Amino acid sequence: MARKLENRTALVTGANRGIGLAIAKAYASEGAKVLLAGRNEAALKRLQAEIAAAGGQAKVFAADLEDAASVRALAASIKREFPSLDVFVANAASLGARVPLVRYPLETWRQSLRINVEANLILLGELDALFKASDSARIILLSANVATQGKATTGSYAVSKAALEAMARIYIVESKGTPIRVNIVSPGPTRTEMRARAAPEENPMSIKPPEALAPLFVELATRECQRQGEWLNADDWLAGRTAAARPV
Ligand SMILES: NC(=O)c1ccc[n+]([C@@H]2O[C@H](COP(=O)([O-])OP(=O)(O)OC[C@H]3O[C@@H](n4cnc5c(N)ncnc54)[C@H](OP(=O)(O)O)[C@@H]3O)[C@@H](O)[C@H]2O)c1
């Protein structure tokens, strides 16, 4: 059977663990060349070896997304090696502190904004020419339900995801008329380190593993996918409620 991402090059940030790792593995098994970005180079290299052992293709790009210079260097390395980029999954994120707003540490606030918003802004700008050189660039931004919930102690995490969604709305309008398609996924409760920190009282075995999200991320990365400007709740999508997607 033909693989769904044959001849496609996909950048996944935060590919060393959690949801990013599951997406990277799924993309490689569907035939994509996966660019594994993150700051844990050893873990990324282990993943690269695992993908290669399974017959897939992956390359490691070490970068600290909190550092604008490092993000620019990441983009420069990609531009040196690839004339176009078909898929960008903006997955890496920081949860920040879980404290009320009035006690929120400003440096943690700024750190979340740097990683969850500014790094993606820089990558969109630096990689713009590569997306436009693809006949079907697909950009998938990971948000969270708390972006619009006003939930206590979600502080800079929720605010940064709301900012990311606002950024997506602008970018969608500004990339009109190009083959670029931009969608947002809210993964919902998923068994990762971030979720364990966000909901320590929860039994991790009661929520889905990151691999469960793979089919959605594969669909959104395909050439055929014409979804544009949709905010997809992954749990709805996995339950077959695709019509529940709303505009970003
Ligand atoms: N899990 C859930 O239930 C859930 C729910 C809603 C939304 N999400 C979203 O889904 C995405 C993935 O979350 P996850 O649960 O897989 O989180 P995770 O297990 O905490 O993984 C986060 C990833 O981001 C990377 N990262 C963080 N800061 C970085 C930095 N400065 N430079 C480079 N990489 C950095 C981490 O790398 P290190 O290992 O180096 O820290 C890790 O690879 C996030 O956007 C998150 O907001 C998750």
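Computed from a predicted model, the values in this text were never measured in an experiment.

1. Thoughts on the overall build of the chain
Here is step 1 of the chain: When helices and strands are counted, the chain shows nine helices and eight strands.
Here is step 2 of the chain: The C-alpha extent of the chain, read off along each of the three principal axes, is 50 × 40 × 40 Å.
Here is step 3 of the chain: Going through the 248 residues of the chain one by one, you find that 44% of them count as buried.
Here is step 4 of the chain: The long-range fraction of contacts in the chain, counting pairs at least 24 apart against all pairs at least 6 apart in sequence, stands at 67%.

2. Looking at helix 1 (residues 18–29)
Here is step 1 of the chain: In a regular helix each residue adds 1.5 Å, so 12 residues correspond to 16 Å; helix 1 covers 17 Å between its end C-alpha atoms and thus fits that length.
Here is step 2 of the chain: Helix 1 sits mainly inside the fold: 11 of its 12 residues count as buried.
Here is step 3 of the chain: When helix 1 is considered as a whole, its buried residues turn out to be Gly18, Ile19, Gly20, Leu21, Ala22, Ile23, Ala24, Lys25, Ala26, Tyr27 and Ala28.
Here is step 4 of the chain: Positive backbone phi, at 100°, marks Gly31, one or two positions downstream of helix 1.

3. Things to note about the pairing of strand 7 (residues 230–233)
Here is step 1 of the chain: Examined bridge by bridge, strand 6 (residues 181–186) and strand 7 share three bridges and lie parallel to one another. Opposite Ile184, over in strand 7, you have Trp231 as the bridge partner.
Here is step 2 of the chain: Judged from the two bridges that link them, strand 7 and strand 8 (residues 246–247) form a sheet pairing that is antiparallel. In the sheet register, Glu230 faces strand 8, and the bridge partner there is Pro247.

4. Comments concerning the site of the ligand
Here is step 1 of the chain: In the region of the ligand, 26 residues are neighbours, and Gly14, Gly18, Ala93, Thr192 and Met194 sit closest.
Here is step 2 of the chain: Among the residues forming the shell around the ligand, the class breakdown is 10 nonpolar, 10 polar and six charged.

5. Remarks on the packing of helix 4 (residues 106–126) against helix 6 (residues 155–174)
Here is step 1 of the chain: Across the interface, helix 4 lies against helix 6 with an axial gap of 8 Å and an inter-helix angle of 20°. Classified by the angle their axes make, helix 4 and helix 6 are roughly parallel. As helix 4 packs across helix 6, the resulting crossing turns out to be right-handed. The segment helix 4 lies against helix 6, with Thr108, Trp109, Ser112, Leu113, Asn116, Val117, Asn120, Leu121 and Leu124 engaging Gly155, Ser156, Tyr157, Ser160, Lys161, Ala163, Leu164, Met167 and Tyr171.
Here is step 2 of the chain: Tallied by class, the residues present in the contact of helix 4 with helix 6 amount to 10 nonpolar, seven polar and one charged.

6. Re the packing of helix 3 (residues 68–81) against helix 4
For any two helices packed against each other, one specifies the inter-axial angle together with the distance between the axes.
Here is step 1 of the chain: Remark: helix 3 packs on helix 4, axes separated minimally by 10 Å, with the N-to-C direction vectors making an angle of 30°. Taken as axis vectors, helix 3 and helix 4 run roughly parallel relative to one another. Crossing hand, helix 3 versus helix 4: right-handed. Of the residues in helix 4, those touching helix 3 at Ala68, Val71, Arg72 and Ala75 are Glu118, Ala119, Ile122, Leu123 and Glu126.
Here is step 2 of the chain: Residues that form the contact of helix 3 with helix 4 fall into these classes: six nonpolar, no polar and three charged.

7. Notes on the sheet that holds strand 7
Strand pairing in a sheet is mediated by backbone hydrogen bonds. Such pairs are either parallel or antiparallel.
Here is step 1 of the chain: Strand order across the open sheet formed by eight strands is 3-2-1-4-5-6-7-8, with mixed pairing between neighbours. Only two strands of the sheet have a single neighbouring strand rather than two, namely strand 3 (57–62) and strand 8.
Here is step 2 of the chain: Taken strand by strand, helix 2 (residues 41–53) contacts strand 2 (33–38) and strand 3, and its axis lies near 175° from that of strand 3.

8. Some words on the nonpolar core
Here is step 1 of the chain: In this structure, Ala10, Val12, Ala24, Tyr27, Val34 and Leu36 are the most contacted members of the largest nonpolar core, which totals 68 residues.
Here is step 2 of the chain: Ranked by residue count, the leading element in this core is helix 1, at eight residues.
Here is step 3 of the chain: Residues within four places of Tyr27 in sequence aside, it is in contact with Leu5, Ala10, Val12, Ala32, Val34, Val218 and Ala221.
Here is step 4 of the chain: Listed in part, the five residues of the second largest apolar core include Ala144, Ala147, Ala158 and Val159.

9. Considering unusual backbone geometry
Here is step 1 of the chain: Even without a glycine there, the phi angle at Asn7 is positive, about 65°.
Here is step 2 of the chain: Tracing the backbone through its elements, the reader meets Asn7 in the segment before strand 1 (9–13).
Here is step 3 of the chain: Looking at Asn7, the number of C-beta atoms within 10 Å reads 10, which means it is exposed.
Here is step 4 of the chain: In this model, Thr153 sits at a positive phi of 65°, which is unusual for a non-glycine residue.

The rules behind these values
Residues numbered from 1 in each chain as written. Predicted model: local features only at pLDDT ≥ 70, side-chain atom pairs only at ≥ 80, totals over all residues. Helix = DSSP H or I, 4+ residues; strand = E, 2+ residues; numbered from the N terminus. Buried ≥ 20, exposed ≤ 12 C-beta atoms within 10 Å, placed from the backbone. Contact = placed C-beta atoms within 7 Å. Expected span 1.5 Å × (residues − 1). Pairing = 2+ DSSP bridges. Near = placed C-beta within 6 Å. Nonpolar A, V, L, I, M, F, W, Y, C, P; charged D, E, K, R; others polar. Axes fitted to C-alpha atoms, helices over the stretch in contact; angles between N-to-C directions. Parallel < 35°, antiparallel > 145°, perpendicular 65-115°, else oblique. Left-handed = near helix turned anticlockwise from the far one by under 90°. Core = buried A, V, L, I, M, F, W, Y, C linked by C-beta atoms within 7 Å.

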